[in-house]
Amino acid sequence: MSKLGLILNGIIKENPTFVLMLGMCPTLATTTSAMNGMMMGLATMVVLIFSNIIISCIKKITPDMVHIPVYIVVIATLVTIVQFVLAAYAPEVNKSLGLFIPLIVVNCIILGRAESFAGKNSPFDSALDGIGIGLGFTIGLTLLGIARELLGNGTVFGLGIIPEEFSMLIFILPPGAFLTLGYIIAIINRFKKA
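In this text, all values refer to a predicted model and were calculated from it rather than measured experimentally. (Residues numbered from 1 in each chain as written. Predicted model: local features only at pLDDT ≥ 70, side-chain atom pairs only at ≥ 80, totals over all residues. Heavy atoms only, no water.)

A. Structural context of helix 7 (residues 123-153). Taking 1.5 Å per residue as the helical rise, helix 7 with its 31 residues ought to reach 45 Å, and the 43 Å between its terminal C-alpha atoms agrees with that figure. Among the residues trailing helix 7, Gly154 stands out with phi positive, at a value near 80 degrees. (Helix = DSSP H or I, 4+ residues; strand = E, 2+ residues; numbered from the N terminus. Expected span 1.5 Å × (residues − 1).)

B. Broad picture of helix 4 (residues 67-89). Over its 23 residues, helix 4 runs 33 Å from end to end, which matches the ideal 33 Å to within 8%, given 1.5 Å per residue. Buried residues along helix 4 sit in contact with helix 3 (34-58), helix 5 (91-97) and helix 6 (108-118). (Contact = heavy atoms within 4.5 Å.)

C. Structural context of the side chain of His67. Mapped onto the elements of the fold, His67 is located in helix 4. Classification of His67 by relative accessible area gives buried; the value is 18%. Look past the residues within four positions of His67 in its chain and what remains in contact with it is Thr62 and Glu115. (Buried < 20%, exposed > 50% of the residue type's maximum accessible area, 1.4 Å probe, protein only.)

D. Region of interest: unusual backbone geometry. Positive phi, close to 55 degrees, is recorded for Met21, a residue that is not glycine. Along the chain, the position of Met21 falls in the loop between helix 1 (3-13) and helix 2 (24-29). Its relative accessible area of 41% is what places Met21 among the partly exposed residues. Residue Phe157 is not a glycine yet carries a positive backbone phi of 50 degrees. Mapping Phe157 onto the fold places it in the loop between strand 1 (155-156) and strand 2 (159-160).

E. How the structure looks around the pattern of salt bridges. All chains considered together, the criterion is met by three salt bridges. Here Glu14 ties to Arg113 by a salt bridge, and the two come within 2.9 Å at their closest N and O atoms. Placement of the pair is Glu14 in the loop between helix 1 and helix 2 and Arg113 in helix 6, with a sequence separation of 99 residues. Accessibility expressed as a relative area gives 25% for Glu14, which makes it partly exposed. (Salt bridge = Lys/Arg side-chain N within 4 Å of Asp/Glu carboxyl O.)

F. How the structure looks around the nonpolar core. In terms of nonpolar packing, the biggest core is built from 25 residues, with Val47, Ile101 and Ile104 touching the most fellow members. Elements with a minimum of two residues in this core: helix 3, helix 4, helix 5, helix 6 and helix 7. Ranked by residue count, the leading element in this core is helix 4, at seven residues. With sequence-adjacent residues up to four places away left out, Ile104 is seen in contact with Met40, Ala43, Thr44, Val47, Ile75, Val79 and Ile110. (Core = buried A, V, L, I, M, F, W, Y, C linked by side-chain atoms within 4.5 Å.)

G. Summary view of a nonpolar patch on the surface. On the surface, Met168, Ile170, Leu179, Tyr183, Ile187 and Phe191 cluster together into a nonpolar patch covering about 630 Å² of accessible area. As for its placement among the helices and strands, Tyr183 is situated in helix 8 (residues 174-193). For Tyr183, a relative accessible area of 57% corresponds to the exposed category. (Patch = residues over 30% accessible without salt bridge, like charges linked within 9 Å, V, L, I, M, F, W, Y side chains within 5 Å. Areas by Shrake-Rupley, 256 points an atom, 1.4 Å probe, with all protein chains shown as cover.)

Spelled out as structure tokens, the structure:
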């Protein structure tokens, strides 16, 4: 696969949110606004890129019997670093995303890519895979956040678009996450078939 193909694969063919349907907990819980969705996606992408690189570099010295625990330790260390950076430089984002930042450790997207890709490929290709999958996840969360924020609050990234009296609170609540995700996936599938 070409270098550009590795990146596009994560955005289009293996999009974690809309195609593989992975990482649904942060997808549904943090996308009450476009900013929250984008920041959660970016935090996950940083962990994904660096965990892929590190795991690819240590794959030959990691015994098969303990490779999953080693991967988890690498991922947990990176998540801790990301959380400290957010707490220091973006405290509002850290507060807004709350518990979902530490839960990146158990995000199946990251461990899945470590197992299926980074453990079998070069560090450079693993970095590109992390960028592609991370961008796909970030785009997915941002689109879902934009739709939910627009329909639920009438805003996008905090900017008023629709008058407040036309907003529908359900789209900010948990059931709205399922509705919005379902409609976006239906629209994407419709365009795939066209």
